[in-house]
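So you can see what is in the structure, the chains are spelled out below.
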Amino acid sequence: YFGTTTRTTTMMSLEILAPIPLTGDWPAGQTMRLAAQLAEGLINEEQRILPGFMLKHVFHDDKCNPSKGSQIVLSEMSSGNTYIALGGGGCSKVCAQESAVASSIRLPFLSYECPADVDPQLSDTAAYPDLTRMGTVTTPVTDVIRKMGDEYGWKHIIIISGERGQYKALADERMQKFKDLGFTSEYKSAEEADWQSIQTVMSEIKESTKGKNRVVFFIGTERLFRKLICASITEGLQKGIAWVTEGTWRHEWWTKTDHSAPQHRQWLAEDASRSQLHQAFDEFKQSWDEYDTNVEVTRAALQKDYATAQKDALFSVEGSESYHDAHRTWHAVYRKILYDRGYYDIFFFDANGDLIYSVYKESDYATNFKATGNGPWKDSGLGNAFEAAMASPDKVHYIDWKPYGPSGGAPAAFFATGIKDKDGVVVGVYSIQLPPEFERSIEELQPQCELQIMAEAFEGAVNVAGLGRPAEEDSEKPLDCFKSHSAKSFSALLDDHLRRGYPAGNTANQVADPYYDIKSHAVDATCAIAKTVEHLYKTKGYSIQQIQKPNEEVYTEFNRYMKNDLDFRGASGRVKFSGNNRRNTLSVKQVRQGKEVQVGLVHLNGTISWIGNGTSNASWAQEPADPPDKFKYWLVLQIGIPSLIFCCTCMASLHFGMKRARERSGGKKEKELQFGFADSSNQASNKASGSAGTGSQDIVGV
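The rules behind these values
- Residues numbered from 1 in each chain as written.
- Predicted model: local features only at pLDDT ≥ 70, side-chain atom pairs only at ≥ 80, totals over all residues.
- Heavy atoms only, no water.
- Helix = DSSP H or I, 4+ residues; strand = E, 2+ residues; numbered from the N terminus.
- Contact = heavy atoms within 4.5 Å.
- Salt bridge = Lys/Arg side-chain N within 4 Å of Asp/Glu carboxyl O.
- Buried < 20%, exposed > 50% of the residue type's maximum accessible area, 1.4 Å probe, protein only.
- Pairing = 2+ DSSP bridges.
- Axes fitted to C-alpha atoms, helices over the stretch in contact; angles between N-to-C directions.
- Disulfide = S-S within 2.5 Å.
- Parallel < 35°, antiparallel > 145°, perpendicular 65-115°, else oblique.
- Left-handed = near helix turned anticlockwise from the far one by under 90°.
- Expected span 1.5 Å × (residues − 1).
- Polar contact = N/O pair within 3.5 Å; in protein donor to acceptor, adjacent residues only side chain to side chain.
- Phe/Tyr/Trp six-rings, centres within 6.5 Å; stacked < 30°, edge-to-face > 60°.

*Asks:* Please clarify how the side chain of Lys285 should be interpreted in this entry.
*Replies:* Mapping Lys285 onto the fold places it in helix H10 (residues 275-291). Those residues in contact with Lys285 that sit more than four places away from it in its chain are Asp350, Asn352 and Ile356.

What follows is the structure in structure tokens.
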């Protein structure tokens, strides 16, 4: 689609403001971005819906942070931009704030996701009258659990969430629903950053579920979920917990490391493909070479000027050298990137290994990192990063934590990739230093939690989420926005671009870990906005300027049409809103042999149909109970055996005493003795004769 971009640049742009979570707790924005770009590219190419116009998304990273999202909207609109709509939006807490802001400035808002049940209030048309969202309502998850509970004899459900302030409302709602369905239920929460509290939660579950089924309904982030699974291993719980979740997750995330590392890789790949980095690098490299013919003079002069106590706060240095001009131009740009992404430092190396620019400028600045050179830090982690990127410039390389001298000997880790010129020749290296507080994935910190072992502990897990595609009988029908495609063919095209980028070969927007269940939502949302603008422009007769700067009438009609009248066949199924929400079929999936398998569907009428035999309990197991007679065995050992020894000793003494008595009695009959006492007649005879009953005395004395 390179030709599309060229041809449409002469057309009027209709821009959609799209804050999306490219990073943060739920970075599904990378999937949304590519899908939306593909959709707008095809709409612009076909020129059917909005002839003479070009749709264009303007993406920003809201980091799944509500304050950041609102700030983006207010900043963009205060700059005089003429957006036709607010799109994007992935995290519900962001949608809640953005909806209020957008409504106050009459900016129509269609969220590309915002999972319908993370914040139950988002369905309230009175509380959020101007919000429309693609996120699928997952309330029927409780009906799926009831079905499984009936089949497998579940009695009790444990709800675990992240921070209570964020998740308690949904947890309480789910717990009440479980109780209404006849289950007993309890609620536990853990702070994502508090490993000890996570271990405590799983230890408590181990003690309270001995001899019982363990059903855990989880609400929270992937990172916390990963830690809970690891804690189930470190705390010695039996494998076979029935983990249950709702909503969309990164594809087979339990087989991969935490998503934060892939985010950094994605950022570096994006930066390395952009003209901005190439322009900045070229200016720094040229000015470095021009500074002095003796590179050692260049090093000493720049270190004196820039490696000061001001560190990154130093923007400008007096002097006629062109290096200072380059620094004034680009330092603010890369300093902002550093703070936005939480890096510790950013580095530009030329192919000779010279560090020609860094943001923070510690003692490594302007030194050489080539392995065959004489730089003081060439053998450090950053030196390893430089060499790795020069050897394989098309890859993003990670160098693990180890002490780094220029940072006071603190542990440091690095990512690095190559920089190529327009002819594909490697001219340098772009690298970043991760901050000390960067949190490594739990399997890297806990030796017991290797990914394979984590996957085994997660076997049998069940997830309920939006199907994200039409019913099978509708999958081959032509799409309303893309006449040359059916849902099936469009899905295949989208999957190909997720792997190869859009346009194909663009490494900046390739998605290594897609959120497949929502991949078509951004496609259909783009179509929905285009069709609504088409209605306003062609049917209602409003001008584009009126749509870009809507009065109350135009704004109301935009929302009314989208919520009430819009109805089309989309890549994700039928697009028809009801109130704030768009209903769709739900998919029930289960992890089997480490892979996610679809095992059922929840239809719009609420019925559940299983695929094959539906869910399986083959991998679920009870927590082993303590031996039931453990106390009795202890009692036998501690009391019974000593008593037996005492009794045996007494019986032996009695036996030998009786034997001696018989020998002394001169042949008295044994029957005269009963447990050491003579009968009454013998006692009387002994008294009459005056003889002593020595036998009796001996026996009594035993």
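Okay, back to it.
*Asks:* I keep staring at the pattern of salt bridges and nothing clicks. Help me out?
*Replies:* Pairs can form between side chains of opposite charge whenever their charged atoms are close. Throughout the structure, instances matching the rule amount to 48 salt bridges. Measuring nitrogen to oxygen at the nearest pair gives 3.6 Å for the salt bridge that ties Glu46 to Arg48. For Glu46, a relative accessible area of 26% gives the class partly exposed. For Lys420, the salt bridge goes to Asp394, with nearest N and O atoms at 2.7 Å. Here Lys420, found in strand E13 (residues 411-420), pairs with Asp394, found in the loop between helix H13 (381-391) and strand E12 (397-403); they are 26 residues apart in sequence, far enough to count as distant. Exposure remark for Lys420: the relative accessible area of 26% places this residue in the partly exposed category. Residue Asp394 is classed as exposed on the basis of its relative accessible area, which comes to 64%. In this structure, a network of salt bridges that share partners links the residues Arg33, Glu270, Asp271, Arg274 and Arg341.

*Asks:* Sorry if this is basic, but what is going on with the sheet that holds strand E16 (residues 567-570) here?
*Replies:* Strands pair in a sheet through their backbones, by hydrogen bonds, and they do so in one of two ways: parallel or antiparallel. Strand order in the open sheet made by the three strands is E16-E17-E18, with antiparallel pairing throughout. Each edge of the open sheet carries a strand with a single partner, namely E16 and strand E18 (581-582). As paired elements, E16 and strand E17 (residues 573-578) share four bridges and run antiparallel to each other. Residue Gly570 lies in a different strand from E17, and its bridge partner there is Gly573. Set on the sheet, helix H17 (residues 521-539) makes contact with E16, E17 and E18; between it and E16 the angle comes to about 145 degrees.

*Asks:* What am I meant to see in the state of the cysteines here?
*Replies:* Here, disulfide denotes a covalent bond that connects the sulfur atoms of two cysteines. Following the criterion strictly, the structure yields four disulfides and no others. Note that Cys95 is cross-linked by a disulfide to Cys114, the S-S spacing being 1.5 Å. Linking Cys95 and Cys114, the disulfide has an S-S dihedral of approximately 75 degrees and is accordingly described as right-handed. In this pair, Cys95 sits in helix H4 (residues 92-104) while Cys114 sits in the loop between strand E4 (109-111) and strand E5 (131-133), placing the two residues 19 residues apart along the sequence. With respect to burial, Cys95 and Cys114 carry one shared label: buried. Here Cys230 connects covalently by a disulfide to Cys449, the sulfurs 2.0 Å from one another. Taking the sign of the S-S torsion, about 85 degrees here, the bridge from Cys230 to Cys449 comes out right-handed.

*Asks:* I tried to follow the packing of helix H2 (residues 29-46) against helix H16 (residues 487-500) on my own but got confused; where do I start?
*Replies:* Geometry of a packed helix pair, given as the angle between the helix axes and the separation of the axes. Between H2 and H16, the least distance of the axes is 10 Å, while the angle of their chain directions is 120 degrees. Here H2 lies oblique to H16, going by the angle between them. Note that H2 runs across H16; the crossing there is right-handed. Between H2, through Thr31, Leu34, Ala35, Leu38 and Leu42, and H16, the contact on the second element is made entirely by Phe490, Leu493, Leu494, His497 and Leu498.

*Asks:* In this structure, what is going on with H4? I would like to understand it.
*Replies:* Compared with the 18 Å implied by 1.5 Å per residue over 13 residues, the 19 Å span of H4 between its first and last C-alpha is a close match. Buried within H4 we find Ser92, Val94, Cys95, Ala96, Glu98, Ser99, Val101 and Ala102. Where the residues of H4 are buried, they touch strand E1 (12-20), helix H3 (66-78), strand E3 (85-86), E4, E5 and helix H19 (552-565).

*Asks:* Explain the pairing of E17 here, please?
*Replies:* Successive residues of a regular strand alternate their side chains across the two faces of the sheet. If you look at the hairpin formed by E16 and E17, you'll find two residues sitting between the two strands. One ladder, built from two bridges, connects E17 with E18; its direction is antiparallel. Along E18, the bridge assignment pairs Phe577 with Arg582. Hairpin remark: E17 followed by E18, antiparallel, with two residues in the connecting loop; positive phi at Gly579, about 70 degrees.

*Asks:* Help me understand the environment of Trp620 in this model?
*Replies:* With respect to the element layout, Trp620 can be found in the loop between strand E21 (608-610) and helix H20 (630-664). As for Trp620 and Arg214, which are separated by 406 residues in sequence, their C-alpha atoms are 8.4 Å apart. Not counting residues within four places of it along the chain, the set of residues in contact with Trp620 comprises Met148, Tyr152, Trp154, Gly240, Ile241, Ala242, Glu459, Gly460, Val462 and Gln590. A distance of 3.2 Å separates a polar atom in the side chain of Trp620 from the backbone oxygen of Gly460.

*Asks:* What exactly am I supposed to notice about H19 here?
*Replies:* Since the α-helix advances by 3.6 residues per turn, residues separated by three or four positions end up pointing in the same direction. Over its 14 residues, H19 runs 19 Å from end to end, which matches the ideal 20 Å to within 8%, given 1.5 Å per residue. By the burial criterion, the buried members of H19 are Val554, Tyr555, Glu557, Phe558, Asn559, Tyr561, Met562 and Lys563. The N-terminus of H19 is capped by Asn551, whose side-chain oxygen sits 3.1 Å from the backbone nitrogen of Glu553.

*Asks:* Explanation requested: the side chain of Lys519 in the structure shown.
*Replies:* Counting through the fold element by element, Lys519 comes out in the loop between H16 and H17. Within polar-contact distance, the side chain of Lys519 engages the side chain of Asp495 at 2.6 Å. Dropping the residues within four chain positions of it, Lys519 is found in contact with Thr31, Ala35, Ser491, Leu494, Asp495 and Leu498.

*Asks:* Explanation requested: the packing of aromatic side chains in the structure shown.
*Replies:* The way to describe two aromatic rings as a pair is by their centre distance and the angle between their planes. Evaluated as defined, the whole model comprises 38 aromatic pairs. For the ring pair Phe225 and Trp243, a centre distance of 5.5 Å and an interplane angle of 65 degrees mean the geometry is edge-to-face. Here the residue Phe225 occupies a position in helix H8 (residues 222-234), and Trp243 occupies one in strand E9 (residues 242-246), the gap between them amounting to 18 residues. Of the two residues, Phe225 and Trp243, neither departs from the other in class, the shared state being buried. Ring centres of Trp377 and Tyr404 lie 6.5 Å apart, and the angle between their planes is 55 degrees; on these two criteria the pair is classed as tilted. Here the residue Trp377 occupies a position in the loop between strand E11 (355-358) and H13, and Tyr404 occupies one in the loop between E12 and E13, the gap between them amounting to 27 residues. Among the residues examined, Trp377 registers a relative accessible area of 24% and is labelled partly exposed. We classify Tyr404 as buried; its relative accessible area is 1%. An aromatic cluster is built from Phe281, Phe284, Tyr306, Tyr323, Trp330, Tyr334, Phe348, Tyr357, Tyr365 and Tyr430, whose rings are joined through pairwise contacts.

*Asks:* So what exactly am I meant to see when it comes to the sheet that holds strand E15 (residues 462-466) here?
*Replies:* Strand order in the open sheet made by the eight strands is E7-E6-E8-E9-E15-E19-E20-E21, with mixed pairing throughout. On the outer flanks of this sheet lie strand E7 (184-189) and E21, each paired with one strand and no other. Between one strand axis and the next, the sheet turns by 25 degrees as a mean value, whatever way the strands run. Here three bridges tie strand E8 (residues 215-219) to E9, and the two strands are oriented parallel to one another. Looking across to E9, one finds that Val215 is bridged to Ala242. Most of the contacts of helix H5 (residues 141-152) go to E21, to which it runs at about 55 degrees, and overall it touches strand E6 (156-161), E8, E9, E15, strand E19 (586-592), strand E20 (595-602) and E21.

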